[in-house]
Amino acid sequence: MEIDPEREDWNAPSTQTAARVRGESAPTAFIAPVLRGAPDGNREHFLERIVIRLPEFTGPSEHDEYLALVDRALVDRYLSAHEEEQLITTANEIGISRRQASELHRQYFEELVHAAWRDGVLTDLEIADLQLVASMLDIPAEAVDQARTPRDSQASANPAMATPLLGPGDKVVLTGDMSVPRSSIEDRLRAQGYVPHPGVTKAVKLVVAADPDSISGKARKARDYGIPVVGEDYLWKSVLTS
């Protein structure tokens, strides 16, 4: 109706027919309600939707592919519904079972623990970060407690985790209404050596979305190309840091 308010055929239904409709009383027979789940309520972890398969024949290359996808999905420390679906689909397509996925999540978590201990100190912020990742990857609480034990300093064994997400000259795409004008964000990106780009191509390194679960054309195309889609918080905390 808002798109074409001049259409006369809206008049009768909206003014005449609707005016004669009377509300009906609720049915007296008991009907079991279907309740909407709370956003922070208990829900099935995405690991439960990965196929259980035996025997398992996947090797290091498939494991590295899955770990790289985990790393890309968690770069902004937010696991969107789209990213969960992508992890499930990838695991099922390349033959990674639920058990293997759990083991790879634990391996990824251990990489983060070693990285956090690299300077010999585990700060409160690093502990909070590890707790957040553990909750998203279904890592047992005792693993977070064990992470407080000092580890030997070592480089990451996963190349995907050792590679910075952005470098000078990399293209960044913005989509959605941010908390500040887009022109201001683009100016700051340029000032720090990045290149704001109007559309998603395979040369783009990062897409920043006002809503990480966005189904916009830019976000959808980025996912098709394997380009990380992050929320605005990541932009301010990890990209535009100065």
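Definitions and limits used
- Residues numbered from 1 in each chain as written.
- Predicted model: local features only at pLDDT ≥ 70, side-chain atom pairs only at ≥ 80, totals over all residues.
- Heavy atoms only, no water.
- Salt bridge = Lys/Arg side-chain N within 4 Å of Asp/Glu carboxyl O.
- Helix = DSSP H or I, 4+ residues; strand = E, 2+ residues; numbered from the N terminus.
- Buried < 20%, exposed > 50% of the residue type's maximum accessible area, 1.4 Å probe, protein only.
- Polar contact = N/O pair within 3.5 Å; in protein donor to acceptor, adjacent residues only side chain to side chain.
- Contact = heavy atoms within 4.5 Å.
- Pairing = 2+ DSSP bridges.

- Looking at an unreviewed UniProt entry, one finds the protein chain named BRCT domain-containing protein, with Citricoccus parietis as its source organism.

### Some points on the pattern of salt bridges
- Tallied over the full model, the rule gives four salt bridges.
- Of the charged contacts, one joins Asp129 and Arg77 as a salt bridge, the two residues approaching to 2.7 Å between their closest N and O atoms. Taken together, the positions of Asp129 in helix α5 (residues 124-137) and Arg77 in the loop between α2 (60-73) and α3 (81-94) put the pair 52 residues apart, joining distant regions of the chain.
- A relative accessible area of 24% places Arg77 in the partly exposed class.
- Glu110 is the partner of Arg106 in a salt bridge, and the nearest nitrogen-oxygen pair spans 3.8 Å. With a gap of four residues between them, Arg106 and Glu110 both fall in helix α4 (residues 98-116), about one helical turn apart.
- Accessibility expressed as a relative area gives 21% for Glu110, which makes it partly exposed.

### A closer look at the side chain of His45
- Relative to the elements of secondary structure, His45 occurs in the loop between α1 (11-20) and α2.
- From its side chain, His45 meets the backbone oxygen of Met136 in a polar contact 2.8 Å long.
- Polar side-chain contacts of His45 include one of 3.5 Å to the backbone nitrogen of Asp138.
- Leaving out residues up to four positions away in the same chain, His45 has contacts with Ser135, Met136, Leu137 and Asp138.

### Re the pairing of strand β1 (residues 171-175)
- Burial within β1 is extensive, with four of its five residues counted as buried.
- Examined bridge by bridge, β1 and strand β2 (residues 195-196) share two bridges and lie parallel to one another. Bridging across to β2, Val172 finds its partner in Pro196.
- Relative to strand β3 (residues 204-209), β1 runs parallel, the two sharing five bridges. Paired with Val172 across the bridge in β3 is Leu206.

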